[in-house]
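Here is how the chains run, residue by residue.
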Amino acid sequence: MTTRRARRTVRSAALVAVAAAAVLSLTTCQSGGDGTAAGSEKAQAGVGARTVTSAGYRTTAETAETAETAETAETAETAETAQAGAGSPVRTQTLVDGSKAEIHELGDQHYRVKIISRGSVLATLETKGADAGLDANDMFVVLTLGGEVHSWMGGGHTGPGTFKLAGGWTAKVTKTGELRYRAQIIGHDGSVDATIEANQHDVGLDANGVYIVLGAGGVISSHA
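Residues numbered from 1 in each chain as written. Predicted model: local features only at pLDDT ≥ 70, side-chain atom pairs only at ≥ 80, totals over all residues. Heavy atoms only, no water.

Trainee: So what's going on with the overall build of the protein? Which residues, and what values?
Mentor: Counting secondary structure elements, the protein contains 2 helices and 15 strands. Looking at the 224 residues of the protein, the share that counts as buried comes to 25%. Long-range contacts, defined here as pairs at least 24 residues apart, represent 32% of the contacts in the protein between residues at least 6 apart. Total accessible area computed for the protein in this model is approximately 14,500 Å², and 53% of it derives from carbon and sulfur atoms. (Helix = DSSP H or I, 4+ residues; strand = E, 2+ residues; numbered from the N terminus. Buried < 20%, exposed > 50% of the residue type's maximum accessible area, 1.4 Å probe, protein only. Contact = heavy atoms within 4.5 Å. Areas by Shrake-Rupley, 256 points an atom, 1.4 Å probe, with all protein chains shown as cover.)

Shown next, in the form of C-alpha cells:
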C-alpha cells in the first residue's frame, strides 16, 4: 500500500511540471506576438512619415498651386500676344523729309507711329492720353489722339522766351530743369488755354488744327 501511494505522488508531480511548462511556453509566445505587432505598427508609422516629409515630393496642394501659377502666366502671355497683334499697322504715310510713318492702332485714342528711313526705325511716337510730338533735326512731327500725323520743316524758336505761333497763338516758354521746358499756349484774349511740358522728351499738341511741338532742348515750332 505504501508503494502505490508513492507512485501516485511522483506521477502527480510530473503532471504539475508539464502544466507549468505549457503555461510558460504560452506566455512566451504571447509576449513575442505583441512585440512583432508593435514592431509592425512602428514600421508602418515610419513609412508614413517618410512619405509625407520626403524631399523632392510635393503635396496635392503644392501641385495645384504650381499648376495655377503656370496657367496664370500662360493667360498673361496670351493676352500680351493678342495686344501686340492688335497693334498691326493701319496705314503708312510719307513725311515731309521723305521718311515713312508706320501708324499702329493700339486701342481707343491709342496710337503708335514708327518713323522709318531706309528700313531702320529712327523714332517712335505714342499717344498715351495726350497728343505726341517729335523734334527730329528740324523736322517736326505731331501724332494726335485720333491717329493723324502731321509733319513740317523749320520755324523753330529756342526758349526760354515768348514767341508768336501759327494761328494767332503765343507760346511762353520757360526752363524748369535739365532738358525740361514748359510752354504756356496763350490765346487772343491773353488767357492760357493749354500747357505742355517737355520732361526729357519732346511733346506735341493739336491746338484746334494748329500743330505745336516743344522739344526737350527748348525749341518750339508750330504749323497750321
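Don't stop here, the text continues.
Trainee: Would you mind going over the layout of surface pockets in detail, with residue names and values included?
Mentor: In this structure, the largest pocket spans a volume of roughly 250 Å³. Glu126, Ala132, Gly133, His201 and Asp202 are the residues nearest the centre of the largest pocket, which is lined by 15 residues in total. (1 Å grid on protein atoms, 1.4 Å probe; cavity = no way out; pocket = protein on both sides within 12 Å on 5 of 7 lines; lining within 4 Å. Points joined across faces, edges and corners; volume = space filled by probe spheres on them.)

Trainee: Report on the environment of alanine 130, specifying residues and quantitative values.
Mentor: Tracing the sequence through the fold places alanine 130 in the loop between β4 (120-126) and β5 (132-136). Each C-alpha atom of the pair alanine 130 and leucine 145 lies 6.3 Å from the other, and the pair is 15 residues apart in sequence.

Trainee: I'd like to hear about the confidence of the model for the protein, residue by residue, with values.
Mentor: As a note on interpretation, predicted positions should not be read in detail where pLDDT is low. Confidence in the prediction for the protein averages 75 pLDDT; 61% of positions are at 70 or higher. Low pLDDT, under 50, characterises residues 1-64; the predicted model gives this stretch 3 contacts beyond four residues in sequence or across chains. Under a pLDDT of 50 for its full length, residues 77-86 has, in the predicted model, 1 contact with residues more than four places off or in other chains. (pLDDT = per-residue confidence, 0-100.)

Trainee: Account for the sheet that holds strand β15 (residues 219-223), naming residues and giving values.
Mentor: Pairing is antiparallel across the open sheet formed by 4 strands, whose spatial order is β8-β15-β14-β13. Where the open sheet ends on each side, the last strands, each with one partner, are β8 (157-158) and β13 (203-207). Bridge count for β13 against strand β14 (residues 210-214) is 5 bridges, and the pairing is antiparallel. Looking at β14, one finds that valine 203 is bridged to leucine 214. (Pairing = 2+ DSSP bridges.)

Trainee: Would you mind going over the packing of aromatic side chains in detail, with residue names and values included?
Mentor: The full count for this structure, using the stated rule, is 1 aromatic pair. Relative to tryptophan 152, the ring of phenylalanine 140 lies with its centre 5.9 Å away and its plane at 25°, an arrangement referred to as stacked. Here phenylalanine 140 is found in strand β6 (residues 139-143), whereas its partner tryptophan 152 is found in strand β7 (residues 149-153), with 12 residues between them in sequence. This pair shows no difference in class: phenylalanine 140 is buried, exactly as tryptophan 152 is. (Phe/Tyr/Trp six-rings, centres within 6.5 Å; stacked < 30°, edge-to-face > 60°.)

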